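Spelled out from the first residue to the last, the chains are:
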Amino acid sequence: MLGYDEKGGVKISSSLGKSIPRKETWEKVTGITRYVNDISTPGLFHVKIAISPHAHAKIITIDSSEAMKIPGVKEVITGRDFPILTGSPLADRPPIAIDKVRYYGEPVALVVADQDYIAEMAANRIKVVYELLPAVLSPREALQKNAPLVHERLAEYKQHEEVYPEPGTNVANRTKIRKGNMEEGWRKSHHTVEVEVTLPQSDHAAMEMRCCTAEIMPDGKVIFHSASQSPFVIRRAISQSFHIPIHKVIVHTPLVGGSFGGKSAIQMEFLAYMASRAVGGRAVKLVNSREVDMISSPVHIGLDATVKLGCTREGKLMATEILHLYDGGAYSDRGAVMSRSGAIDCTGPYRIDNVHCDSLCMYTNHPYSTSYRGFGHPELTFAMERAVDLLANLVNMDPLEFRFNNAIGPGDTTPTQTLLDRSNLGDLPMCIAKLKSLIDWDDLPHRKIDGHLIKARGVCCFWKTSDTPTDAGAGAVIVFNPDGSINLLCGAVEIGQGTRTALTQLLAEKLRMDDQMIHISTGVNTETDPQHWKTVASRSTFLVGNAILNAADDAIVQLKSIAAIVMQCLPTDLDVGAGKVFFKDRPAKGISIDKIANGYKFPNGNTIGGQVIGRGSYAMRNLTSLDPETGKGNPGPEWTVGAQAVEVELNTKEYTYKIVKAATVIDAGKVINPEFARSQVTGGMSMGLSLASREAFLFNDQGAIINPQFRTYKLIRYGEQPQYFVDFVETPHLEAPYGLRGIGEHGLIGMPAALANSLTLAAGVELNHLPLTPEMIWRTIHDSV
Amino acid sequence: MSSLDSAKYPVEFEVNGEKQTIRVRAADILLYTLRDNLGLTGSKSGCDNGDCGACTILVEGFPIKSCLMLTVEVDGKQMTTIEGLRNSPVQNAFVKNQAFQCGYCTPGFIVNCEGLRNKLPHADKETIRVWLESNICRCTSYEEIRNAVKDVFSLEK
Amino acid sequence: MIPFDFEYYKPTSVQLAVKWFHFLQKKGKNPLYFAGGTEIITWARQNSIHPGAVVDLKSIPECNAMEMRNDKLIIGACVTLSALSAANSFPLLSETAQGIADQTARNQITLGGNICGNIYYRESVLPLLLANSRIVIAGMNGIREASIRDIFLRHLRLGNGEFLVKTITDRSYLSLPFVHYKKRQIGNVGYPLVTVAAFKKDSQIHTAYSGVCSFPFRSAQIDRELNDSSIPLSDRIVQAIDYLPAPLLNNAEGSAPYRKFVLKQTMADAVHTLESR
């Protein structure tokens, strides 16, 4: 509690390191939370999407006459009605297919009707005649010289950010890393391994399906309510695509029911806008069914990769040559950037001086990919960590020791030749050391046979930087209420991660006040909240947090200047804390903030100052774009590092297995809210284990997805959770609020690799293909004999 | 022209202790009647296919997936939705353990857990698993939910 | 959401149900009998079926019966899977039913609905096939009784307008030594890769299968091979598999070759366990 201590000083408790509950706790357990689809407006029209049943086909005709005959149907919209191309960095995607479809599930028409079931009924009656085209069904196939082209006019697409498409091929983006001298690297490599891995595309599977409403007001304002991680990007994208001044696009984002990257893409909003425009600006709602959400909206990226890795006789990593073929699907979207991220951190957190990497985003006739928790890293980590395990085995070294010995450190450089120091890197050796003791690594066997059950443990390390635009930034405003409480305004979206609560803790710490006195709304409104780039990349506490600290500094100056007049001293004599402005040298003497928060009124009525409003902003510092030939540059402000382990129990009768334990040690820089931090990490681990053990889109030989429901697309359920072990290292990142590092995605990153490493040890065969289903293990064993 | 008026089936039921008489289409799904006609939006749509449990409500005390039930089927029945629970031990345990992140699956989990507590107040670990595996949570690791459930059923952590 | 309309009828007697059904059929309504409704709603929302009317059987007293009468266990078609599992009068049926879908869904899914559905698995029929249960069927010509083994051939062979009222199982089958294995690749909820239910009666093992082919089945030839104790079990299984009534399923739950591998293991476990009892 706050107050005066016995000696008359100001006693201030810290908000950092406290597990305060989510601000919206009671809303969430009583069912009164309003997600986008819970908001109703009388007279709202409903929109449904008609989707393509083919992976690659020419659209010959679209006949909507039967659909239009249904009473209640207002309009049918096709791609030709709005012939625009969207997407960033590469504008390659018509929101509704034009002339041809490039994936199974691609929107081919929209129906607007007065009731949702009528819209669905009509969507079912739209008749489209297609002429089938040969489909490209894997990124390796896409790279073949004679592969059919997914995009014939690649050269004509507008580029919004750096991206290097290769017209005449299916390469949407290529990032090159050229570091050191490969010849020398291989010469010094006594041992080399080469692995080929595949990870199929899968789904974000947030429990809330994507949902969006749009309305165009008579004065031209466009109002959206969207379940999105990027309300400010919606504003920009709609403004650019439809030539509307940006201030006339207003986006409301209430609490979001999970997103994991999938709701950072702008997709539904284009459709909802078109639908509203087609019916004279009426309010319309578009909500995905689960099936459409899985196959039509963007998905988790896939990867086919080859990693060649070499080390000296003593086990020192010397060289690596990497080919990443990311499965970007039919449109590049953020897949183009994810493939770049896959290059930036391609080596994993190891010192390797000689690196050659080509990381490609490939077009295929699969659903298109967008950001997914880990942004290209779970994929690259799976590839690299399989190779590292293999190499450690080859030199006959303990896999954690091998990683410890090769851990990247201050003074080393990344694949992008960024110089690392303790602040921008964190402490991987410490994470490995803590992991060892957390799971009794040295004291328990790594493999233990008990009849037909084999227990085995696998490990991995990870790192990740954020690879944002070099100008990504955020703003914050803090508004003082007459009682000295504060309204915090910012653009970070609450997607379940607890950011908005954690941000109040940062502000409370800075102002040395009770966090319960800081109010924050649950939702974001682009009309009133300061801009925040996007709620992605585990960057919100960094960008918005820094903006908030700057806003707090601004408010402190204002508070002190009002108080100095009242207290007849200099502002520099004063300090702020515990709801007061007080003398530094006589803390018991001060003025309570509620007396000055809206200006100070003297007894005679004269008033000085006014409402205290702190404003702050922050943008990324010193980031540079990458050299297109070598990849040299500075992609992100810091790297979060960590080490992970998984223990499995494999039943060798049918190759089913249980995940018994899973552990993560992560350098969090500074843990703000321990309960949130653990929950973010275990939640990520759970998602990673689910992904690695069972999640994949299954395609038939024509490229149609055969498991677009949770009945056949399985997710981990209650009771399957392993025992979780989580610990933190705290190496401050000097540029971040209180030294914190991003941790929202990282629990997931190494889980596929650690699971594969444990199962490989248990099964005695190399398991390099996800998902690691019992059938996959059985087939690998079966094929190897 | 407006859509056909096919809402011609009168249905009477009790939800959260309140009597309701409404007219619906025979094809209307209970989840959407609760949400759209009665404003009880606490029950969520996560799959509309009976696979995820976000829409779970109690019908005559039993957890039911309201996305797989016609509204006409509950004529004469008693229902409880998340809105009908206030300060229940289950809700308190979810609060204490912060057994949610985004909160979207939470009403379904809480209602299911409440149904279990009413039907089998001394449920063991295995029974709890069998009941709760009807619901999917994508954000948490289930560890938090397990801790909450253990508080409710006074099991050892 | 169901993207079309249908009519709804809830008769309170078997006779009314049949009458309504035929009336609706004559009017071209393409009616369906409706019990738990979960499967009808699943197909309807995906626009895969288009009934113009449904006839809900849940208010018919006979369809809700669950009782022991004259050494016979009677279970109505509208008894839910969770209710029959909780009552546990037929342990093999209880256990088989407990493997279907998930607990909440089992509060809705009925025995009749599961047996008469279109989804491949319909596992609750397995114990009834093994127990030579009799079933009561209602139709325009009144009530008839039949052995489920005679009329469940890939699916329940009901005549036009007929519906399943209840099942009747002789007490002598209820407490036989049994095994039930539901194999999935991963997780505890979902369709089977392979489900095997089996009894031992008069020192003979009787087996029934779901998830193996696109329909549940029991096969006299398979049981004959599995009971041939003159040869090693592994050989018996190889021979038994020759008698599968249709190609192995190949779908999202697993490929046909992996299913075959798991089927063999499961057969071995079933026979091995029952032989030792």
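The name that an unreviewed UniProt entry assigns to chain B is (2Fe-2S)-binding protein, with the source organism given as Cohnella endophytica. As recorded by UniProt, the Pathway (unreviewed entry) comment attached to chain B reads in full: "Alkaloid degradation; nicotine degradation."

As recorded in an unreviewed UniProt entry, chain A goes by the name Xanthine dehydrogenase family protein molybdopterin-binding subunit, listed as coming from Cohnella endophytica.

J.: Is there a simple way to explain the overall build of chain B in this structure?
T.: Helix and strand content of chain B: five helices and five strands. Listing every helix and strand of chain B by position from the N terminus yields β-β-α-β-β-β-α-α-α-α. For chain B, the C-alpha atoms occupy an extent of roughly 60 × 30 × 25 Å along the three principal directions. Looking at the 157 residues of chain B, the share that counts as buried comes to 69%. Intrachain contacts of chain B at a sequence separation of at least 6 include 56% that bridge at least 24 residues. Summed over its atoms, the accessible surface of chain B is roughly 5300 Å², and 46% of this surface lies on carbon and sulfur atoms. Positive and negative charge centroids in chain B, built from 18 and 20 side chains respectively, lie 3 Å apart.

J.: Looking at this model, I keep getting lost on the overall build of chain A. Mind explaining?
T.: Scanning chain A for helices and strands turns up 19 helices and 34 strands. Against the compact-globule benchmark of 28 Å for 785 residues, chain A has a radius of gyration of 27 Å, which places it among compact chains. For the C-alpha atoms alone, the extent of chain A along its principal axes is close to 90 × 75 × 50 Å. Burial statistics for chain A: of 785 residues in total, 66% are counted as buried. Taking contacts inside chain A between residues at least 6 apart in sequence as the whole, the part at least 24 apart equals 78%. Here chain A has roughly 26100 Å² of accessible surface; of this, 51% comes from carbon and sulfur atoms. For chain A, the distance from the average position of its 80 positive side-chain charges to the average position of its 86 negative side-chain charges is 3 Å.

J.: What exactly am I supposed to notice about the domain arrangement of chain A here?
T.: The figure often quoted for interface size is the accessible area lost as the parts come together. Residues and elements named next belong to chain A. Here chain A is partitioned into domain 1 (3-33 + 472-619), domain 2 (44-133 + 209-256 + 263-295) and domain 3 (299-468 + 624-784). Facing the 29 residues of domain 1 at the interface are 25 residues of domain 3. In total, domain 1 and domain 3 occlude about 2000 Å² of area from one another, counting both sides; carbon and sulfur atoms represent 59% of this. Looking at the side of domain 1 facing domain 3, the largest losses of area belong to Ser538, Arg539 and Phe542, adding up to 26% of the total buried there. Summed over the shared surface of domain 1 and domain 3, the number is one salt bridge. Close ionic contact of Glu638 with Arg539 constitutes a salt bridge, the shortest N to O distance being 2.8 Å.

J.: Teacher, can you tell me more about the nonpolar core here?
T.: The nonpolar side chains of a soluble globular protein tend to be buried, and buried together. Residues and elements named next belong to chain A. Leu309 and Tyr657 are the most contacted members of the largest nonpolar core, which totals 124 residues. In terms of residues, this core owes the most to one element, helix 10 (residues 377-394), which gives nine residues. For Leu309, the contacting residues outside a window of four places in its chain are Trp186, His191, Thr192, Val193, Leu317, Ala319, Thr320, Ile352, Met384, Ala387, Val388 and Leu391.

J.: How should I be thinking about unusual backbone geometry in this particular structure?
T.: Across the junction of Ser88 of chain A and Pro89 of chain A, the peptide omega takes the value 10°, indicating a cis bond. Positionally, Pro89 of chain A belongs in the loop between strand 5 (73-78) and strand 6 (100-101). The amide bond that connects Leu770 of chain A to the next residue, Pro771 of chain A, takes the cis arrangement and shows omega of -10°. Tracing the backbone through its elements, the reader meets Pro771 of chain A in the loop between helix 18 (751-763) and helix 19 (774-784). The phi angle at Asp333 of chain A is positive, at roughly 40°, despite the residue not being glycine. Position of Asp333 of chain A among the secondary structure elements: in the loop between strand 17 (317-329) and helix 9 (335-344). Despite not being glycine, Arg154 of chain C has its phi angle at roughly 70°, a positive value.

J.: When you look at the side chain of Thr773 of chain A in this model, what are you seeing that I'm missing?
T.: Structurally, Thr773 of chain A is set in the loop between helix 18 and helix 19. When sequence neighbours within four positions are dropped, the list of residues in contact with Thr773 of chain A reads Ser693 and Arg694 of chain A together with Gln185 of chain C.

J.: Explain the interface of chain C and chain B to me, please; I cannot follow it from the model alone.
T.: Taken residue by residue, the interface counts 28 residues in chain C and 28 residues in chain B. Together chain C and chain B conceal approximately 2300 Å² of surface at their shared face, both sides included; 52% is due to carbon and sulfur atoms. Among the residues chain C hides against chain B, the three largest losses belong to Tyr8, Thr104 and Gln108 of chain C. Together they make up 24% of the total. On the surface where chain C and chain B come into contact, there are three salt bridges. Its salt-bridge partner being Lys65 of chain B, residue Asp102 of chain C comes within 2.3 Å of it at the nearest N-O pair.

J.: How should the sheet that holds strand 20 (residues 447-450) of chain A be read in this particular structure?
T.: Residues and elements named next belong to chain A. Here we have five strands laid out as an open sheet, ordered 20-21-32-33-34, and mixed in their pairing. The strands lining the two open edges of the sheet, one partner per strand, are strand 20 and strand 34 (723-729). On average, each strand axis in the sheet is inclined to that of its neighbour by 15°, with strand direction left out of account. Two strands pair when backbone bridges link them, and strand 33 (residues 656-667) and strand 34 are joined in this way by seven bridges, in the parallel orientation. Paired with Val665 across the bridge in strand 34 is Asp727. The sheet contacts of helix 13 (residues 428-438) involve strand 21 (453-464), strand 32 (640-651), strand 33 and strand 34, and relative to strand 33 the element is tilted by about 140°.

J.: How should I be thinking about the domain arrangement of chain B in this particular structure?
T.: Residues and elements named next belong to chain B. For chain B, the domain assignment lists domain 1 (9-81) and domain 2 (84-152). Distance between the C-alpha centres of domain 1 and domain 2: 20 Å. Listed per partner, the contact involves 18 residues of domain 1 and 15 residues of domain 2. Of the roughly 1200 Å² buried between domain 1 and domain 2, counting both surfaces, carbon and sulfur atoms make up 63%. Applying the counting criterion to the domain 1 and domain 2 interface returns zero salt bridges. Linking domain 1 with domain 2 are four residue pairs in polar contact (both at pLDDT 80 or more), by the criterion used here. The residue inventory of the side of domain 1 that touches domain 2, partitioned by class, reads six nonpolar, eight polar and four charged.

J.: It is not clear to me how the UniProt feature "domain: Aldehyde oxidase/xanthine dehydrogenase a/b hammerhead" (unreviewed entry) in chain A should be interpreted in this structure. Could you clarify?
T.: This chain's UniProt record puts "domain: Aldehyde oxidase/xanthine dehydrogenase a/b hammerhead" (unreviewed entry) on residues 30-134 of chain A. The span residues 30-134 of chain A is 13% helix and 33% strand, and its two end C-alpha atoms sit 52 Å from each other.

J.: Explain the interface of chain A and chain B to me, please; I cannot follow it from the model alone.
T.: If you look at the interface, chain A gives 57 residues, while chain B gives 53 residues. There are five salt bridges connecting chain A and chain B. Two residues, Glu695 of chain A and Arg138 of chain B, come together in a salt bridge whose shortest N-O distance is 2.7 Å. At the boundary of chain A and chain B, one finds 28 residue pairs in polar contact (both at pLDDT 80 or more). Those elements that provide at least two residues to the side of chain A that touches chain B are helix 1 (25-30), helix 3 (116-124) and helix 16 (674-694) of chain A. Of the residues forming the side of chain A that touches chain B, the biggest block, ten residues, is contributed by helix 16 of chain A. A class-by-class count of the residues in the side of chain A that touches chain B yields 23 nonpolar, 20 polar and 14 charged.

J.: Would you take a moment to explain the state of the cysteines for this structure?
T.: In a disulfide, the sulfur atoms of two cysteines are held together by a covalent bond. All chains considered together, the criterion is met by zero disulfides over all chains. Unpaired in terms of disulfides, Cys102 of chain B finds its nearest cysteine sulfur in Cys139 of chain B, a separation of 3.7 Å. In this structure Cys116 of chain C is not part of a disulfide, and its nearest cysteine sulfur, from Cys78 of chain C, lies 10.0 Å away. You can call Cys116 of chain C partly exposed: its relative accessible area is 35%.

J.: How do you make sense of a nonpolar patch on the surface when you look at a structure like this?
T.: Residue and element names in this part refer to chain C. Together, Leu16, Trp20 and Phe23 line one region of the surface with nonpolar side chains, adding up to about 250 Å² of accessible area. The residue Phe23 is located in helix 1 (residues 14-26) in this model. Its relative accessible area of 42% is what places Phe23 among the partly exposed residues.

J.: Explain the pairing of strand 4 (residues 57-63) of chain A to me, please; I cannot follow it from the model alone.
T.: Looking down a regular strand, the side chains alternate between one sheet face and the other. Residue and element names in this part refer to chain A. In the sheet, strand 4 pairs with strand 6 via two bridges, with the strands oriented antiparallel. Each residue of the ladder has a partner; that of Ala57, found in strand 6, is Val101. Pairing of strand 4 with strand 8 (residues 127-132) involves six bridges; the strand directions are antiparallel. The partner of Asp63 across the bridge, within strand 8, is Lys127.

Cut-offs and rules
Residues numbered from 1 in each chain as written. Chains lettered and ligands numbered in written order. Predicted model: local features only at pLDDT ≥ 70, side-chain atom pairs only at ≥ 80, totals over all residues. Heavy atoms only, no water. UniProt positions renumbered as here; feature names shortened; annotations may be inferred. Helix = DSSP H or I, 4+ residues; strand = E, 2+ residues; numbered from the N terminus. Buried < 20%, exposed > 50% of the residue type's maximum accessible area, 1.4 Å probe, protein only. Contact = heavy atoms within 4.5 Å. Areas by Shrake-Rupley, 256 points an atom, 1.4 Å probe, with all protein chains shown as cover. Lys, Arg positive; Asp, Glu negative; His and termini not counted. Charge placed at Lys NZ, Arg CZ, Asp CG, Glu CD. Rg over C-alpha atoms; globule rule 2.2 N^0.38 Å. Domains from an automatic or database assignment. Buried area = accessible area lost by both parts, 1.4 Å probe. Salt bridge = Lys/Arg side-chain N within 4 Å of Asp/Glu carboxyl O. Core = buried A, V, L, I, M, F, W, Y, C linked by side-chain atoms within 4.5 Å. Pairing = 2+ DSSP bridges. Axes fitted to C-alpha atoms, helices over the stretch in contact; angles between N-to-C directions. Polar contact = N/O pair within 3.5 Å; in protein donor to acceptor, adjacent residues only side chain to side chain. Nonpolar A, V, L, I, M, F, W, Y, C, P; charged D, E, K, R; others polar. Disulfide = S-S within 2.5 Å. Patch = residues over 30% accessible without salt bridge, like charges linked within 9 Å, V, L, I, M, F, W, Y side chains within 5 Å.

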